[in-house]
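# Architecture and fold: a report
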Amino acid sequence: MVIPVFNEAENLPALLPRLLPVMDGLGRPYEVIFVDDGSRDLTLSVLRGFVAERPGTVRVLELSRNFGQHPAILAAFQRARGSVVVTLDADLQNPPEEIPRLLAKIDEGFDVVGGIRRNRQDSWFRRAASRLVNRVTGAITGMRLSDYGCMLRAYGRDVVDEINACEENATFIPALAQSFSRRPTEVEVAHAERAAGESKYSLYKLLRLNFDLMTGFSVVPLQIFTLFGFVVAAGGVAFGVFLGIRRLIVGAEVEGVFTLFAILFTVVGVLLAGLGIVGEYIGRIYHEVRRRPRFSVRREFGGPPA
Ligand code: UDP
Ligand code: MG
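Residues numbered from 1 in each chain as written. Chains lettered and ligands numbered in written order. Predicted model: local features only at pLDDT ≥ 70, side-chain atom pairs only at ≥ 80, totals over all residues. Heavy atoms only, no water.

### Some points on the site of ligand 1
Every one of the 18 residues lining ligand 1 counts as a neighbour, but D37, D91, R126, S199 and K200 are closest to it. One of the side-chain N or O atoms of D37 is found 2.6 Å from a nitrogen atom in ligand 1. Contacts to ligand 1 include R126, whose side-chain N or O atom sits 2.6 Å from an oxygen atom. Protein chains bury 96% of the 530 Å² of accessible surface belonging to ligand 1 in isolation. (Near = heavy atom within 4 Å. Polar contact = N/O pair within 3.5 Å; in protein donor to acceptor, adjacent residues only side chain to side chain. Areas by Shrake-Rupley, 256 points an atom, 1.4 Å probe, with all protein chains shown as cover.)

In structure tokens:
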């Protein structure tokens, strides 16, 4: 079990009493790794309390600052020892009771089991944005994933090892896992409202994450842009030829100046957007070449003796 936690002190006390019975009921050995992603509230002390309560079962990684949900999960993946690793959100939006259903699919021989949030309990805006992202990402990456955002997922050991071998900074774990998977599958899982607190994703963080997803797994946005450039250039040449011929037959034209403006503004707009897309890629390249660590673990509690 891997659970990234960022300022969730209010939710944690309700999480453990629901999670542990489910895990105990599985009848196989397990460990729960909480990653404190630079929380500024009481999260860490609550988590340390868990370690004291269930030593040997609960482990805690304290990251040195807030690195984000995906880097936090990566930190835990490098330390997880299980043959199957399940990720879960700490805010009780993913009911722990669904875990056995994911594991049943793994036992059937699938190596990645994704959750699809049934009756998703998020704002209208978040749902609409997710629909758009799912559709666009599916189109540009060719991956078939119905719900990229659902973090209640199970990964087989081989896939986790492959993910651990990746060194990229900006990443999106469900898509990364999907790309390494031989037999992925998906199951519908229940979804609840956030138990307490607010979403830890601001609109800006959400945008960044989704750009990570779209740029990290495809260069199609760049290619679309190139194609568009060719089409506009060809159109421009054709229009020039048309005007030249027209000038010879009918004479010079002056009307429709504003139509020209409209076309111009549209093209300039697309150009700027395209420049932005190029910038997104370059920014990420810059990020990668600096080779800063993706996360740094400050302390570990309840881990195996080193
Ligand atoms: N989270 C994290 N680091 C962050 C943001 C979020 O570890 O920078 C954790 C958070 O504590 C939660 C999970 O990631 O366990 C999902 O976050 P949240 O519920 O805020 O996302 P949403 O459900 O709104 O997509
Ligand atoms: Mg949530």
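Having seen it, we continue.
### Points about the nonpolar core
Ranked by internal contacts, the top residues of the largest apolar core, which has 36 residues, are F77, Y155 and I163. Residue assignment for this core shows that the elements contributing at least two residues are β2 (32–36), β3 (58–63), α3 (69–77), α5 (124–141), α6 (157–165), α7 (173–180) and α8 (203–216). In terms of residue count, the dominant contributor to this core is α3 (6 residues). When residues no more than four places from it in sequence are discounted, the contact partners of I163 are L74, F77, I173, L176, A177 and F180. (Core = buried A, V, L, I, M, F, W, Y, C linked by side-chain atoms within 4.5 Å. Buried < 20%, exposed > 50% of the residue type's maximum accessible area, 1.4 Å probe, protein only. Helix = DSSP H or I, 4+ residues; strand = E, 2+ residues; numbered from the N terminus. Contact = heavy atoms within 4.5 Å.)

### Observations concerning the coordination of the magnesium ion (ligand 2)
Within the protein, D91 (OD) and Q93 (OE1) serve as the donor atoms for the magnesium ion (ligand 2), at 1.8 to 1.9 Å. As far as burial versus exposure is concerned, D91 and Q93 are alike and both buried. (Donors = N, O, S within 2.8 Å, 3.2 Å for Na, K, Ca; no water.)

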